[in-house]
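Structural features, examined
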Amino acid sequence: MPKQTPETLTGAQIVVRLLERQGVRTVAGIPGGAILPIYDALSKSEIHHVLARHEQGGGFMAQGMARATGVPAVCMASSGPGATNLLTAIADAKLDSIPLVAITGQVPKPMIGTDAFQEVDTYGLSIPITKHNFLVGSADDLLTVIPRAFRIAASGRPGPVLVDIPKDVQNQLVDVDEWPAPGCADVVPPPDGELIGRAAAMINAAAKPVLYLGGGVVHSGAAEAAVALAQKARLPTVMTLMALGAMPVDHSLSLGMLGMHGARCTNLALDECDLLIAVGARFDDRATGKVAGFCPQAKIIHIDIDPSELDKIKTAHVGIAGDVRTVLELLQPVIESPQRHAWLARVASLKADHPLRMPGIDDPRTPYGLIRAVANCLDDEATITTDVGQHQMWVAQAYPLRRPRQWLTSGGLGTMGFGMPAAIGASLAEPERTVVCFTGDGSILMNIQELVTAAEEDVNVKIVLMNNSSLGLVFQQQTMFYGERIYASKFKGMPDFIRVAEGFGVPAVDLDKASDPLAALAAALATRGPMLIHASIAMHEQVLPMVPPGAANKEMIGG
């Protein structure tokens, strides 16, 4: 094979060429002085650049792309405040195991450490919140670093990787005579066969088992295998916030979301189980409540791609490190098909006696009724994003999620301002889908400037704004646990969101003023392009049931 003719390229041109070879079609970001060489090279590329209005918004747009597809997505920012604005989106990706490659500009190498204009130690700041990071020393290194960044982001437990590139490295000329292969996920070593056998024996022998699905089930494409295992072994199944949609909510074995705002029947079933099969879940405190009181009678099988998660919070009787899809597929043939009549009857009894109560489900002017009305206008192809707060928990409880990657929400970091830019990213990645962002008045104000990005990109995103003129979950906790001392959680000033949206170029409809809110909602959801749908919610509405902070899950309040 003839040797390639060397090309003389700048570091910036190498970055863009490597992104093209990686298959990147869309990036989100904001230019600035320290990253301008890359932007200059990007101007000559077929890659579509989405100009965010805040770097955090750009980071969440990239997250929306990555969460919707499972493929690493790219965001960009300049040095200094550009990079620091990006850090929250990177930290959010780390806690939810989202594959992200963040590329930041840095001041020239001779100026690093001199307190130069717009200089911060991006490398140092990002160490705790990335899976890996790089401060690139030469343009030659980019040929190794960029593919490695994508490989690391996608391999094993996914996560964010940051590449910080000094401006002089971007401008440095080098001869490239051979291009590296695109970075792709490492092959995961096969799981221990003996442990598979032990886990199968425990599942076959259990009288009252529960399958506990976490976000890793979605990340590994294991939802179908998880449902198949549940059906064969007749396992009542619970899901974390991050796993919603892995099993259809209306599946006969589904107990929905566990934990702080899960149904009473779900948490009570967990309290009685004798075997917990945790798959791609990390025993987060919002799921477990007081750890000592979580599944107190149960032996534990824990399956996770990240060995460091095994025995971290709950000691596993059998801990299997491996790709969860592979492990579930290996378990399937050695699992028996027990009847479990008594246990399934007990779970059915708990569901009948302690269901999730959703008052106002038929009234679109209530939280549950509005969410269900939106769902009734859409099919399962729609993608649902949320911000963080009461509306997030109401949607988690009430929206009928039936497919993996249908549900995009900020779980581990719980970042207000996530929902709308993530929805924009999801729509850019999958433009054929309708994307609905449920948000609150507190959350939308965190990144409201991205309305103009939604208008500019003409994304098919519907923003359902549930407005209770307060920081609803803070207000609820102050009401319940702080003697009703309401402080700094009620907004004294409230913008006219309809006029704000229209000012940004996004059409808006106010359900408060609609004589037929259901018809107005259906028309808004059916209209192509971005749309804000505003609905007032009573401030006193609460998300129930609720496990008090520090309490065991069976000590739920309300609901």
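The structure this text deals with has already been given above.
To continue, consider a negative patch on the surface. On the surface, a cluster of negative charge is made up of D140, D141, D175, D177 and E178. Considering the arrangement of structural elements, one finds D141 in helix α6 (residues 139-154). Looking at D141, the relative accessible area reads 35%, which means it is partly exposed.

What follows covers the packing of aromatic side chains. Following the criterion strictly, the structure yields 5 aromatic pairs and no others. Relative to F294, the ring of F283 has its centre 6.2 Å away and its plane inclined at 80 degrees; by these criteria the two rings are edge-to-face. Of this pair, F283 sits in the loop between β12 (275-279) and α12 (285-288) while F294 sits in the loop between α12 and β13 (299-304); the two residues are 11 residues apart in sequence, bridging distant segments of the chain. Arranged with centres 6.3 Å apart and planes meeting at 65 degrees, the rings of Y399 and F438 form a pair that is edge-to-face. Note that Y399 is positioned in the loop between α16 (390-398) and β16 (407-408) and F438 in strand β17 (residues 435-440), a separation of 39 residues in sequence. Residue Y399 is classed as buried on the basis of its relative accessible area, which comes to 3%. Among the residues examined, F438 registers a relative accessible area of 0% and is labelled buried. Through a chain of ring-to-ring contacts, three or more aromatic side chains come together here, namely Y212, F283 and F294.

This brings us to the packing of helix α3 (residues 55-69) against helix α17 (residues 419-429). Interhelical geometry of α3 versus α17 gives an angle of 50 degrees and a closest axis separation of 6 Å. For the element pair α3 / α17, the angle class is oblique. The two elements α3 and α17 cross, and the hand of that crossing is right-handed. Packed against α3, whose contacting residues are G57, F60, M61, G64, M65, A68 and T69, the element α17 presents P421, A422, I424, G425, A426 and A429 at the interface. For the contact of α3 with α17, the class distribution of residues is 9 nonpolar, 4 polar and no charged.

General note: in soluble globular proteins, nonpolar side chains tend to be found buried as a group. Ranked by size, the top nonpolar core spans 74 residues in total, and within it L331, Y399 and F438 carry the most contacts. The dominant element in this core, judged by the number of residues it contributes, is helix α10 (residues 223-233), at 7 residues. With sequence-adjacent residues up to four places away left out, Y399 is seen in contact with I371, V374, A375, L378, I384, W394, Q406 and F438.

Once that is clear, we can look at the sheet that holds strand β18 (residues 461-467). Strand order across the open sheet formed by 6 strands is β16-β15-β17-β18-β20-β19, with parallel pairing between neighbours. In this open sheet, the two strands that pair with only one neighbour each are β16 and β19 (508-510). Where β18 lies against strand β20 (residues 531-536), 6 bridges are found, and the strand directions are parallel. From the neighbouring strand, N467 faces β20, where its bridge partner is S536. Running at roughly 155 degrees to β20, helix α22 (residues 517-526) makes contact with β17, β18, β19 and β20 of the sheet.

Within the open sheet, the 6 strands sit side by side as β11-β10-β9-β12-β13-β14. Their pairing is parallel. Looking along the sheet, the strands with just one partner apiece sit at the ends: β11 (254-257) and β14 (318-321). The mean inter-strand angle of the sheet, taken between neighbouring strand axes irrespective of direction, is 15 degrees. Sheet topology note: the strand β9 (residues 209-213)/strand β10 (residues 237-239) ladder contains 3 bridges and is parallel. By the bridge assignment for β10, Y212 is matched with V238. Running over the sheet, helix α11 (residues 264-272) touches β9, β10, β11 and β12 and is turned about 110 degrees from β11.

The next thing to look at is the pairing of β20. The buried fraction of β20 is high, at 5 of 6 residues. As for the winding sense of the linkage, the β-α-β connection from β19 through α22 to β20 is right-handed.

Turning our attention to unusual backbone geometry. Residue P545 is bonded to the preceding L544 through a cis peptide linkage, with omega at -5 degrees. Residue position: P545 is located in the segment after β20. For R234, which is not glycine, the phi dihedral falls at a positive 50 degrees. With respect to the helices, strands and loops of the structure, R234 is situated in the loop between α10 and β10. A residue is classified by how much of its surface remains accessible, and R234, at 26% relative accessible area, is partly exposed. In the Ramachandran plot, F283 falls in the positive-phi region, its phi being about 55 degrees despite a non-glycine side chain. Judged by relative accessible area, which is 2%, F283 ranks as buried.

To continue, consider the side chain of N553. On the secondary structure map, N553 appears in the segment after β20. At 3.3 Å, the side chain of N553 and the backbone oxygen of T288 are in polar contact. Excluding residues within four positions of it along the chain, N553 makes contact with G259, N267, A287, T288, G289, F294 and V547.

In total, this model carries 17 salt bridges according to the counting rule given. In this structure, E7 and R17 form a salt bridge, with 3.1 Å as the shortest nitrogen-oxygen distance. With E7 in strand β1 (residues 7-10) and R17 in helix α1 (residues 11-22), the pair connects residues that are 10 residues apart, well separated along the chain. According to the relative accessible area criterion, E7 is partly exposed, its value standing at 30%. Residue class for R17 comes out partly exposed when judged on its relative accessible area of 27%. Across the salt bridge formed by R433 and E381, the nearest N and O atoms sit 2.8 Å from each other. Residue R433 is located in the loop between α17 and β17, and its partner E381 is located in the loop between α15 (367-376) and β15 (383-386); the two are separated by 52 residues in the primary sequence. The exposure class assigned to E381 is partly exposed, which follows from its relative accessible area of 45%. The network of salt bridges with shared partners includes R157, D306, E309 and K312.

Rules used throughout
- Residues numbered from 1 in each chain as written.
- Predicted model: local features only at pLDDT ≥ 70, side-chain atom pairs only at ≥ 80, totals over all residues.
- Heavy atoms only, no water.
- Patch = residues over 30% accessible without salt bridge, like charges linked within 9 Å, V, L, I, M, F, W, Y side chains within 5 Å.
- Areas by Shrake-Rupley, 256 points an atom, 1.4 Å probe, with all protein chains shown as cover.
- Salt bridge = Lys/Arg side-chain N within 4 Å of Asp/Glu carboxyl O.
- Lys, Arg positive; Asp, Glu negative; His and termini not counted.
- Charge placed at Lys NZ, Arg CZ, Asp CG, Glu CD.
- Helix = DSSP H or I, 4+ residues; strand = E, 2+ residues; numbered from the N terminus.
- Buried < 20%, exposed > 50% of the residue type's maximum accessible area, 1.4 Å probe, protein only.
- Phe/Tyr/Trp six-rings, centres within 6.5 Å; stacked < 30°, edge-to-face > 60°.
- Axes fitted to C-alpha atoms, helices over the stretch in contact; angles between N-to-C directions.
- Parallel < 35°, antiparallel > 145°, perpendicular 65-115°, else oblique.
- Left-handed = near helix turned anticlockwise from the far one by under 90°.
- Contact = heavy atoms within 4.5 Å.
- Nonpolar A, V, L, I, M, F, W, Y, C, P; charged D, E, K, R; others polar.
- Core = buried A, V, L, I, M, F, W, Y, C linked by side-chain atoms within 4.5 Å.
- Pairing = 2+ DSSP bridges.
- Right-handed = clockwise from strand over helix to strand, strands pointing away.
- Polar contact = N/O pair within 3.5 Å; in protein donor to acceptor, adjacent residues only side chain to side chain.

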